[in-house]
Amino acid sequence: MEFALAAANYLQPIADVLVYINTTKVHPVWFPYPLASTLHAARISMVYQANARRSPTPLSWGTYLTGYLIMCWGGGLLSHFLLGLPPPMLYSFSPSINYITVHLVMTVFFKIFPDLLHLPTLDTILFPMDAILRTNAVTSILGLLYNPNVHPEYTASPLAHMVLGAVVSAGGGFTVSTLGAWHSNWSFSTPPVLRAGAGWVGTMDLWGGALVAFIYSASTGHPAYASFSTYIAMILSSPLLPIPRKPHADSDFPPLSTLGAKSLAAAVLMAFFGARVIRTHWLKPVTLSDSPPKLVPATTTRKLKKKTQ
């Protein structure tokens, strides 16, 4: 049990943040929406506005708002459709009020202070929040698997958990990029994950969401991952591992609570998001000018001298 308790102590700050953003409203009367959705709306607005600035011609208000909402809700809409459940965005006014209001406020703010919309700085400061919000979205969708209207094949399939995690994590960003929805004229193009040179950085939203779903469902002891959890516990308890004190598979690795599993998944995703920020914004890419000069063999230089003579 000491291994589980040690992990819980390290994850407690992340757990406290998750509880706070999901239970606290911006204002109980004037803006009664959770901090989680409001922070998500603000963060997407920053990214969308930064990309919209690159459009060769100004966006109309219809394009500006629709593209933003696609980026915010694309993953949620697609995941609900996969589960056969009605998305809240299509039957409630609350999501529209919440997201559009935040987007308009952020638009005015960056019109007044345009220099503050600097993505390298914002991404570096806010990547822990990005990981927490992304994890919160993925795990919220996974909670819908317990809905009686969801096909039991989805609930019992470990692959379905990971597919849902990937869709809700990357659906919005990939859809808006595929449609070019931050430009004045939309056009269908190759999805970002399929483009040449995407690499682990360009596909992280996809496999990162699947990883979060895997960690969350496996660590909570979901029946779909029962065999995997047993296998991992056996490996960690194996005498072949050079660990001074061998953990006991049954007592030291109990299933985590939903909050503990969320915190663990958020911590892992936070590490990957931090690596992506460093790789994208702060590591200088190697160019041809940076490569060392090619050495010319001595025999070649002698032959050139003879020719010139």
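Structural notes, computed from the coordinates.

## Considering the overall build of the chain
- When helices and strands are counted, the chain shows 12 helices and two strands.
- The proportion of buried residues among the 309 residues of the chain is 39%.
- The contacts in the chain between residues at least 6 apart in sequence include a share of 73% that link residues at least 24 apart.

## So, the pattern of salt bridges
- Per the counting criterion, the structure on display carries four salt bridges.
- Across the salt bridge formed by Asp205 and Arg134, the nearest N and O atoms sit 2.9 Å from each other. Here the residue Asp205 occupies a position in helix H9 (residues 204-219), and Arg134 occupies one in helix H5 (residues 119-143), the gap between them amounting to 71 residues.
- Owing to a relative accessible area of 19%, Asp205 belongs among the buried residues under this scheme.
- Take Arg134: its relative accessible area is 21%, and that puts it in the partly exposed class.
- For Arg276, the salt bridge identified is with Asp205, shortest N-O distance 3.1 Å. Separated by 71 residues along the polypeptide, Arg276 in helix H11 (residues 258-282) and Asp205 in helix H9 bring together distant segments of the chain. Each member of the pair, Arg276 together with Asp205, is buried.
- What you see here is one network of salt bridges that share partners, running through Arg43, Asp123 and Asp130.

## Some remarks on the packing of helix H2 (residues 35-52) against helix H4 (residues 94-112)
- Interaxial distance between H2 and H4 falls to 9 Å at its minimum, and their mutual angle equals 45°. In terms of their interaxial angle, H2 and H4 are classed as oblique. Once H2 is placed against H4, the crossing between them reads as right-handed. In this structure, H2 contributes Ser37, Thr38, His40, Ala41, Ala42, Ser45, Met46, Tyr48 and Gln49 to the contact, and H4 contributes Asn98, Tyr99, Val102, His103, Met106, Thr107 and Phe110.
- Here the contact of H2 with H4 is composed, by residue class, of eight nonpolar, eight polar and no charged.

## Regarding H9
- The end-to-end C-alpha separation of H9 is 21 Å, in line with the 22 Å expected for 16 residues at 1.5 Å each.
- Taken across its 16 residues, H9 has 12 buried, putting it largely inside the fold.
- Once H9 ends, the next one or two residues include Gly221, with phi positive near 75°.

## Re the nonpolar core
- Ranked by internal contacts, the top residues of the largest apolar core, which has 28 residues, are Leu83, Ile132 and Leu142.
- When sequence neighbours within four positions are dropped, the list of residues in contact with Leu142 reads His161, Leu164, Ala213, Tyr216 and Ser217.
- Listed in part, the 27 residues of the second largest apolar core include Phe31, Met46, Tyr68 and Val176.

## Quick word on the packing of aromatic side chains
- Counted according to the given criterion, the structure contains nine aromatic pairs.
- Linked through ring pairs, Tyr48, Trp61, Tyr64 and Tyr68 together constitute an aromatic cluster.

## Some details on the environment of Gly165
- Within the secondary structure, Gly165 is located in helix H7 (residues 158-179).
- You can call Gly165 buried: its relative accessible area is 0%.
- For Gly165 and Leu142, which are 23 residues apart along the polypeptide, the C-alpha to C-alpha distance reads 7.6 Å.

## Some words on the side chain of Thr139
- Within the fold, Thr139 resides in helix H5.
- A distance of 3.2 Å separates a polar atom in the side chain of Thr139 from the backbone oxygen of Asn136.
- If we skip the residues at most four places from it in the chain, Thr139 touches Val212, Tyr216 and Lys262.

## Here we look at the pairing of strand S2 (residues 31-34)
- Across the two faces of S2 the burial differs, with Phe31 and Tyr33 buried and Pro32 and Pro34 not buried at all.
- The hairpin turn running from strand S1 (residues 25-27) into S2, its antiparallel successor, is three residues long.

## Section: H2
- Taking 1.5 Å of rise per residue, 18 residues should cover 26 Å, and H2 covers 25 Å from first to last C-alpha, within 8% of that figure.
- Extensive coverage of H2 is indicated by the burial of 15 of its 18 residues.

## Quick word on the side chain of His161
- Turning to its location among the elements, His161 is positioned in helix H7.
- What makes His161 buried here is its relative accessible area of 1%.

## Let's talk about the packing of H2 against helix H3 (residues 61-83)
- It is at 10 Å that the axes of H2 and H3 come closest, and there the two elements cross at 125°. On the basis of their axis angle, the class for H2 and H3 is oblique. For H2 against H3, the interelement crossing comes out right-handed. Contacts between H2 and H3 involve His40, Ala41, Ile44, Ser45, Val47, Tyr48 and Gln49 from the first element and Thr63, Tyr64, Gly67, Tyr68, Met71 and Cys72 from the second.
- Taken together, the residues of the contact of H2 with H3 break down into eight nonpolar, five polar and no charged.

Criteria and thresholds
Residues numbered from 1 in each chain as written. Predicted model: local features only at pLDDT ≥ 70, side-chain atom pairs only at ≥ 80, totals over all residues. Heavy atoms only, no water. Helix = DSSP H or I, 4+ residues; strand = E, 2+ residues; numbered from the N terminus. Buried < 20%, exposed > 50% of the residue type's maximum accessible area, 1.4 Å probe, protein only. Contact = heavy atoms within 4.5 Å. Salt bridge = Lys/Arg side-chain N within 4 Å of Asp/Glu carboxyl O. Axes fitted to C-alpha atoms, helices over the stretch in contact; angles between N-to-C directions. Parallel < 35°, antiparallel > 145°, perpendicular 65-115°, else oblique. Left-handed = near helix turned anticlockwise from the far one by under 90°. Nonpolar A, V, L, I, M, F, W, Y, C, P; charged D, E, K, R; others polar. Expected span 1.5 Å × (residues − 1). Core = buried A, V, L, I, M, F, W, Y, C linked by side-chain atoms within 4.5 Å. Phe/Tyr/Trp six-rings, centres within 6.5 Å; stacked < 30°, edge-to-face > 60°. Polar contact = N/O pair within 3.5 Å; in protein donor to acceptor, adjacent residues only side chain to side chain. Pairing = 2+ DSSP bridges.

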